[in-house]
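Geometric and topological summary
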Amino acid sequence: MDSISMISSLIFIFCASCFSGANSSTLGVNYVSPLLEIQERERAPSSVQLTAAYGVLNRLIPSHFSSFEFHVIPKEHCGGESCFTISNHPGSAREGSPEILVSGTTAVEILSGLHWYLKYWCGAHISWSKTGGAQLASVPNPGSLPAVQDAGVVVKRPVPWSYYQNAVTSSYTFAWWDWERWEQEIDWMALQGINLPLAFTGQEAIWQKVFKNFNISNSNLDDFFGGPAFLAWSRMGNLHRWGGPLPQRWLDQQLILQKKILARMFELGMTPAVHLSVLPAFSGNVPAALKHVFPSAKINRLGNWFTVNSDPRWCCTYLLDATDPLFVEIGKAFIEQQLKEYGRSSHIYNCDTFDENTPPVDDPEYISSLGATIFEGMQSADSDAVWLMQGWLFTYDPFWRPPQMKALLHSVPLGKLIVLDLYAEVKPIWATSKQFYGTPYIWCMLHNFAGNIEMYGVLDAVGLGPVEARISDNSTMVGVGMSMEGIEQNPVVYDFMAEMAFQHNPVDVKAWINLYSRRRYGRFVQPMQDAWNILYHTIYNCTDGAYDKNRDVIVAFPDVDPKFISTLQIALNDIHEQDGKRYLGRAILEEANDSYDKPHLWYSNSDVIHALKLFLESGNQLTDSSTYRYDLIDLTRQALAKYANELFLDVIEAYKLDDLHAVSHLSQKFLGLVKDMDMLLGCHDGFLLGPWIESAKKLAQDEDQERQFEWNARTQITMWFDNSEEEASLLRDYGNKYWSGLLRDYYGPRAAIYFKFLIASLEEGKGFSLRGWRREWIKLTNNWQNSRNVFPVKSTGDALKVSQWLFEKYLQDLGSHDHLGYNNNNNPV
C-alpha cells in the first residue's frame with residue numbers, strides 16, 4: 001500500500017469524532033454568546049478574508065495555488081457553529097480547474113480545513129521552520145490530488161476558541177521578531193486553527209501617550225520599562241528598568257509592527273475590530289513618578305521579585321490600588337488610546353494584576369472590589385469588554401484559597417471574565433474549583449517553560465483532558481489553548497494540541513502517533529514507527545505530575561558544594577499499571593540532604609537510546625529530510641544530556657572518594673562531551689545561538705543600541721536577572737538553551753571552572769571553595785554577557801554522521817540492554 005493510500009485509510013480514526021452534527025455548547029459558551037454575536041457582526045468582509053487565505057496558500061505551497069478554491073460560508077451551514085468543509089470541486093474533471101473546495105466560516109476555518117486535507121489526504125506535516133519546517137514532498141502533483149468521499153467532510157469546533165501564547169512568550173520567543181517572522185507565525189496560527197492569540201507587541205508606545213496625559217514624562221518611563229528581552233516582566237510589574245531604557249525609535253517601530261500584526265489577524269477572521277486578538281489592559285502597574293504627581297493616590301510598593309539584595313534599581317515595583325479613583329481613569333485611557341491607534345478592538349482584554357504578585361489583603365470583600373474596579377476600567381472605555389485572565393496565580397500562589405478565588409472570579413458579571421486554565425495538562429484547576437465557580441474558562445496546555453529545549457510531553461493527558469473537561473457536568477469550558485512560555489520545540493506536541501480544537505472525542509494517541517511519523521517524514525519507514533512508539537510511551541507520556549523545568553547539568557550547572565550532592569541514582573525500571581495501561585515508575589534512591597534541583601527524569605534512558613538506534617537505522621532513507629535531521633539531533637541531544645547528568649555524578653562520586661585521577665579523567669570526558677554536543681547542534685539551523693543574537697542586533701539603530709540589545713539577548717539565556725560578585729541571580733539558567741555556540745562558549749567553560757575547584761580541593765587537601773567558584777563563574781558570565789563575538793547563523797556538518805559517531809562514542813553500550821519491549825497492545829512489557 002502506498003503512503004497516501006495508507007494515510008487515507010486511517011482518516012476515519014481522527015476525523016470521525018469531528019463530523020459531529022450535535023450542538024456541543026457548554027454552559028460557558030452560553031455565557032459568552034453575546035460576545036460571540038458581536039464578534040460575528042464585526043468580522044472582516046468575506047472578500048478580505050478570502051484574499052488573506054489565498055495569501056497563506058501561496059506562501060505555503062505556491063505550486064498548488066490553483067488546485068484549491070476557498071469559500072466563506074455562514075454559520076447556518078454548520079448548524080450555527082464554526083466549521084470547515086472539504087469536498088471535491090464540482091469542476092475538478094475539467095483540465096486546469098481546482099481539484100478541492102475548502103469552505104469555512106472564517107479564513108481561519110478555511111485554512112484549518114486546508115491543513116486538515118494536507119495532513120489526512122496527502123500525508124503532509126507543517127512545523128515551525130526551526131523544527132524542520134513544512135514536509136510537503138508527499139503532496140501529489142497538481143492534477144493528482146486525492147479525492148475526498150463524495151459527501152464531503154464537515155468538521156466543527158466543539159468550543160468556539162483556540163487560544164495561543166503566554167504573557168511571557170513575547171519575551172522568550174518573540175522579542176526580536178520582524179514582520180517577516182511574524183507573518184510566518186500568523187500563517188502557522190491560521191493553519192493550526194488558532195483564532196484567539198495574544199497581541200502584546202508595541203504597547204509601550206501606547207503607554208507613553210497615556211502617561212503623558214498624567215504628566216509622566218518619557219524620561220520617567222526610562223525607569224519603568226524593561227529592556228526588549230525583559231518586557232514581559234516589566235509589563236506584569238515584576239521588575240522595572242532591567243535591560244533598559246528603551247530607545248524611542250524602537251518603541252515607534254514596535255507600534256508599527258503591532259499594527260501590521262493586528263491588520264493581518266483581522267484579515268484572516270481572527271480580528272473583527274481586533275477580533276479575537278487579545279489586547280492588554282491596565283493591571284495597576286505604574287511608574288514610580290506617579291507617586292510624586294499624585295501624592296494622595298493609593299500606591300503600594302510591591303515586595304522583592306527574585307532580585308539579589310532587593311536592588312532598588314529594578315526591584316519592588318509600584319502598584320496603584322484598584323480602589324483608587326485614578327485606577328479607572330488610567331485603565332479607561334489605556335483602552336481608549338488603543339482604540340484610537342488601532343481603530344478596532346476584539347473586546348477581549350488581558351489583565352494579570354496578581355501574576356506572582358500577592359494582594360496586600362486577603363479579605364474576600366477587598367479582593368472582590370479589586371476585581372470589580374479592574375473590570376470597570378475596561379468597561380468604561382469599551383461597553384462590550386470582556387476580561388481575559390491567566391489562571392497561573394491559582395496554581396502558583398497558596399494565597400488563593402477558595403474564598404479569595406471565588407471573590408475574584410465573581411467580582412465581574414457572568415460571561416464578562418474568561419480564565420485561562422494555564423497548566424491544565426498537568427494541574428487542571430477546573431477539576432478542583434467547581435469549574436472556576438461557574439466562570440467560563442479555556443483549557444490550556446502550558447508544556448514549556450522559558451523556551452528550554454527538552455523533549456517532553458504528556459500526550460495522553462492532551463488527547464483526553466480537553467474532551468473530559470468539556471463533557472463534564474455543568475462545564476463552563478469555552479475553548480482550548482496553548483500557553484507555552486516559549487515555542488519552536490517539540491513539534492509533535494503542538495501539532496497534536498492544535499488538533500484538539502476540532503476533536504469532539506478522546507483521541508487514540510497511539511494510532512495518531514503512527515500516522516504522525518509517516519506525515520512528519522513523508523513516507524513510511526518501519527524503524528521510525530517503532531522508534532516513535534517508544535517515544536510515545538517514554539518521553540512523550542510523562543505521568544509523574546512533576547513540574548518540568550529543564551535542569552540538566554550542562555545547561556543548569558549545580559551551584560552547590562559537592563558534599564551536598566547525592567550520587568545515588570534514580571532507578572526507572574519499576575512498572576505499575578493504571579487505567580489498563582502500564583507505566584514506568586521511579587524507585588527513589590535520593591538522599592534527603594540534596595540541596596540542588598535535580599534534573600527531571602521520568603523514563604528509562606536506555607529505552608530512549610534504543611529509539612535513537614532505530615532513528616539511525618532509518619538515516620539512509622530519510623537523511624534528505626529536514627524534519628528527520630531536526631528530530632535526530634534533538635533525540636541524540638536528549639540522550640546525551642541525560643548521560644551527561646550521570647557522568648557529572650560520577651565526577652562527584654570520585655571526588656568524595658578522594659580519587660584525583662578519576663576526577664581529572666571524568667571531568668575531561670564531561671567537557672569533551674559538551675564540545676561534541678555543540679558540534680552536533682551545529683548541524684541544524686534550529687539549534688544555533690547565532691540567529692537569536694543577530695536578530696537582536698538587527699533591530700538596533702546604532703552601536704550603543706546594538707550593544708544593549710545583544711546584552712539583553714545574552715543575559716536572558718544565562719544569568720537572566722541581577723547578581724552580585726559572589727551571589728548568582730535567583731533566576732540564573734531559567735532561560736537555558738541547548739544551542740550550538742552557547743555550549744562551547746559558555747556552558748563548557750563554566751563547568752571547567754567548577755572542575756578546576758574540585759581538583760584544587762583534592763590537591764590541597766582542603767574543602768571545596770564554593771565562594772571562589774562562584775566568583776569566577778559570575779565573572780565569566782558577566783564577561784560573556786558583555787562580549788561581542790559572532791556566532792554562525794547557518795548550520796554546517798552532516799547530522800546523520802555526527803549523530804552516529806556520538807552514539808558509538810557515548811551511548812552504544814548504554815542502550816544495548818534493559819530497554820522495554822512492547823506487546824501487541826502497545827504497552828511496555
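Calculation rules
Residues numbered from 1 in each chain as written. Predicted model: local features only at pLDDT ≥ 70, side-chain atom pairs only at ≥ 80, totals over all residues. Heavy atoms only, no water. UniProt positions renumbered as here; feature names shortened; annotations may be inferred. Helix = DSSP H or I, 4+ residues; strand = E, 2+ residues; numbered from the N terminus. Buried < 20%, exposed > 50% of the residue type's maximum accessible area, 1.4 Å probe, protein only. Contact = heavy atoms within 4.5 Å. Areas by Shrake-Rupley, 256 points an atom, 1.4 Å probe, with all protein chains shown as cover. Lys, Arg positive; Asp, Glu negative; His and termini not counted. Charge placed at Lys NZ, Arg CZ, Asp CG, Glu CD. Disulfide = S-S within 2.5 Å. Core = buried A, V, L, I, M, F, W, Y, C linked by side-chain atoms within 4.5 Å. Domains from an automatic or database assignment. Phe/Tyr/Trp six-rings, centres within 6.5 Å; stacked < 30°, edge-to-face > 60°. Lys NZ or Arg CZ within 6 Å of the ring centre and 35° of its normal. Axes fitted to C-alpha atoms, helices over the stretch in contact; angles between N-to-C directions. Left-handed = near helix turned anticlockwise from the far one by under 90°. Nonpolar A, V, L, I, M, F, W, Y, C, P; charged D, E, K, R; others polar. Expected span 1.5 Å × (residues − 1). Bend = angle between axes of the 7 residues up to and from the residue. Pairing = 2+ DSSP bridges. Salt bridge = Lys/Arg side-chain N within 4 Å of Asp/Glu carboxyl O.

Under the annotation held in an unreviewed UniProt entry, the protein carries the name Alpha-N-acetylglucosaminidase and is attributed to Nicotiana tabacum. Here the protein is described in UniProt, under the heading Sequence similarities (unreviewed entry), as follows: "Belongs to the glycosyl hydrolase 89 family."

Details of the overall build of the protein
Across its full length, the protein holds 30 helices and 17 strands. The principal-axis extents of the C-alpha atoms in the protein amount to approximately 80 × 80 × 50 Å. The 829 residues of the protein split such that 65% are buried. For the protein, the share of sequence-separated contacts (at least 6 apart) that also reach a separation of at least 24 residues comes to 78%. Here the protein has roughly 28900 Å² of accessible surface; of this, 50% comes from carbon and sulfur atoms. Put simply, the protein has 68 plus and 93 minus side-chain charges, and the middle of one group is 4 Å from the middle of the other.

Looking at unusual backbone geometry
For residues besides glycine, phi is generally negative; the peptide bonds are generally trans as well. In this structure, the amide linkage connecting Gly244 to the following residue, Pro245, adopts the cis form with an omega of 0°. With respect to the helices and strands, the residue Pro245 is situated in the loop between α10 (231-235) and α11 (248-267). A positive phi is found at Arg241, a non-glycine position, where the angle reads about 65°. Its place among the elements puts Arg241 in the loop between α10 and α11. In this model, Tyr437 sits at a positive phi of 50°, which is unusual for a non-glycine residue. Summarising the element assignment, Tyr437 is placed in helix α17 (residues 434-438). Classification of Tyr437 as buried rests on a relative accessible area of 16%.

Some words on the state of the cysteines
Defined simply, a disulfide is a covalent bond joining two cysteines at their sulfur atoms. All chains considered together, the criterion is met by 2 disulfides. A sulfur-sulfur separation of 1.7 Å characterises the disulfide bridge that pairs Cys78 with Cys83. The partner cysteine of Cys315 in its disulfide is Cys316, sulfur to sulfur 2.1 Å. The connectivity of the disulfide-linked cysteines in the protein, indexed sequentially, is 1-2, 3-4. For the unlinked cysteine Cys444, the closest cysteine sulfur is that of Cys351, found at 17 Å. You can call Cys444 buried: its relative accessible area is 0%.

Some points on the nonpolar core
By size, the foremost hydrophobic cluster in this structure holds 281 residues, and its most contacted members are Phe394, Phe615, Phe648 and Phe670. With 17 residues, helix α24 (residues 626-656) is the largest single contributor of residues to this core.

Looking at the domain arrangement of the protein
When its domains are assigned, the protein resolves into domain 1 (27-155), domain 2 (161-507), domain 3 (561-595) and domain 4 (688-794). A C-alpha centroid distance of 37 Å is found between domain 2 and domain 3.

Regarding the packing of aromatic side chains
A full pass over the atoms with the stated rule returns 70 aromatic pairs. Seen from their ring centres, Trp242 and Phe721 are 5.2 Å apart, and the 75° between their planes marks the pair as edge-to-face. Taken together, the residues span a long stretch of sequence, with Trp242 in the loop between α10 and α11 and Phe721 in the loop between α27 (703-716) and α28 (742-764) at a distance of 479 residues. Overall, the relative accessible area of 0% leaves Phe721 in the buried class. One aromatic cluster is present, built from ring pairs that chain together Tyr172, Phe230, Trp233, Trp242, Trp305, Phe306, Trp314, Trp711, Trp720, Phe721 and Tyr734. A cation over an aromatic ring shows up here: Arg637 above the ring of Tyr738, its NZ or CZ 4.9 Å from the ring centre.

Considering the packing of helix α22 (residues 605-617) against helix α30 (residues 799-811)
The description of two helices packed together rests on the angle between their axes and the distance between the axes. Relative orientation of the contacting elements α22 and α30 amounts to 145°, with a least axis distance of 11 Å. In the crossing of α22 with α30, the sense of the turn from one axis to the other is left-handed. Between α22 and α30, the residues in contact are Ile609, Leu612, Lys613 and Leu616 and Leu800, Ser803, Gln804, Phe807 and Leu811, respectively. Across the contact of α22 with α30, the residue classes break down as 6 nonpolar, 2 polar and 1 charged.

Thoughts on helix α18 (residues 459-471)
The first and last C-alpha atoms of α18 sit 19 Å apart over 13 residues, in line with the 18 Å expected at 1.5 Å per residue. Taken as a whole, α18 carries its principal kink of about 30° at Gly465; the proline Pro466 stands between one and four residues after it. Here α18 has its buried residues at Leu459, Asp460, Val462, Gly463, Gly465, Pro466, Val467, Ala469 and Arg470.

Some remarks on the sheet that holds strand β8 (residues 285-286)
Hydrogen bonds between backbone atoms are what pair the strands of a sheet, whose relative direction is either parallel or antiparallel. Judged by pairing direction, the sheet is antiparallel, and its 3 strands sit side by side in the order β8-β10-β9 without closing on themselves. Of all the strands in the sheet, the pair left with one neighbour each is β8 and β9 (299-301).

Some thoughts on the pattern of salt bridges
What the rule picks out here adds up to 41 salt bridges. Across the pair Glu40 and Lys75 runs a salt bridge whose closest N-O atoms are separated by 3.7 Å. Of this pair, Glu40 sits in helix α3 (residues 27-41) while Lys75 sits in the loop between β1 (68-72) and β2 (83-88), placing them 35 residues apart in sequence. Using a relative accessible area of 30% as the deciding quantity, one classes Glu40 as partly exposed. For Lys75, a relative accessible area of 19% puts it in the buried group. For Lys697, the salt bridge is made with Glu694, and the minimal N-O distance between the two is 3.0 Å. Of this pair, Lys697 and Glu694 both sit in helix α26 (residues 690-698), 3 residues apart, which is roughly one turn of the helix.

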